[in-house]
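Here is how the chains run, residue by residue.
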Amino acid sequence: MTNAGLIAWAFLGVLGLVFQASLFFKDELAAHQPDLRPALAQLCLWADCKVGPLKQADAVVIDHAAIDQVSSSLDALDTAVSLHWAFEVHLRNSAKVPVATPWIELTLTDAQDQAVMRKVLDLSQWGGPPVMAAGDILPMSLQLSLVNPEVNFVGYRLLTFYP
C-alpha cells in the first residue's frame, strides 16, 4: 500500500472518530455551542438520534424545600382521616448553560431517619418546563396526600436525578 493510501485510510479513521465523538457528546456540544445545533440535528438525521437538552446531574441544586400539613378531613363515611400536605421546592440551575429539568425523589422518614415512603416526581407533569435556562430558578408548589394516613413521618430527603 502506498503512502497516499495509508494517509487516506488514516484520514477516514479520524473522520470516523470525529463522527462518533460528535454523536456521543451531541447534547453537550449543543448546550455549550448553540450555533452547532442545526449541524448536530442534521447529523442525527443520518444516525437516527435526537439532540436533547443537557442532563448535568450536579447543575441543578435545591435552594429551598418545605413540607407543611395544610388540612385534614374525614372521608365520606367518616371512617378515615385524609391528610393533605403542601410540598414546596425551589430548584436553581447553577450551570452557565441550559439543562434539562430533573426529576425529584421525595423520601419521607421516621424518627430514626428510616424511609417510610418514597415518591418520584416528574416536574413536567406538574407544570415544570422541560429545560431550565442558565441561572434559572424554578419554584414548584405541589399538593400531596398520603395513601396510607397511618404513615407518620418526621423528616424528608430530596434527591434530583435524570431517569
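Data block above holds the structure.
Residues numbered from 1 in each chain as written. Predicted model: local features only at pLDDT ≥ 70, side-chain atom pairs only at ≥ 80, totals over all residues. Heavy atoms only, no water.

Here we come to the pattern of salt bridges. Taken as a whole, this structure holds three salt bridges when the rule is applied. One salt bridge connects R92 with D63, and the closest N-O pair in it is separated by 2.9 Å. Taken together, the residues R92 in strand β2 (residues 81–93) and D63 in strand β1 (residues 60–74) connect sequence positions 29 residues apart. Of the residues examined, D63 reaches a relative accessible area of 41% and is grouped as partly exposed. Residues R157 and D113 are paired through a salt bridge, measuring 3.1 Å at the closest nitrogen-oxygen approach. In this pair, R157 is assigned in strand β8 (residues 155–161) and D113 in the loop between β4 (103–109) and β5 (115–121), connecting sequence segments 44 residues apart. On the accessibility criterion, R157 (34% relative accessible area) is partly exposed. (Salt bridge = Lys/Arg side-chain N within 4 Å of Asp/Glu carboxyl O. Helix = DSSP H or I, 4+ residues; strand = E, 2+ residues; numbered from the N terminus. Buried < 20%, exposed > 50% of the residue type's maximum accessible area, 1.4 Å probe, protein only.)

Not every positive phi belongs to a glycine, and D48 is a case in point at roughly 55°. Note on placement: D48 falls in the loop between α3 (37–47) and β1. In this structure D48 comes out as exposed when scored by relative accessible area, which is 72%. Despite not being glycine, D113 has its phi angle at roughly 60°, a positive value.

Before going further, it helps to spend a moment on the side chain of T109. The topology assignment puts T109 in strand β4. Leaving out residues up to four positions away in the same chain, T109 has contacts with Q114, A115, V116, F153, V154, G155, Y156 and R157. (Contact = heavy atoms within 4.5 Å.)

The next point concerns α3. Among the residues making up α3, those that are buried are L40, L43 and C44. Taken around the axis of α3, the buried residues stretch over an arc of 100°, which confines them to a single face. Among the exposed residues of α3, those oriented more than 90 degrees off its buried face are P38, L45 and W46. Buried-residue contacts for α3 involve α1 (3–24) and α2 (26–32). Once α3 finishes, D48 follows within two positions and takes phi at roughly 55°, a positive value. (Arc of directions from axis to C-beta.)

These results come straight from atomic positions and should not be treated as a statement about function.
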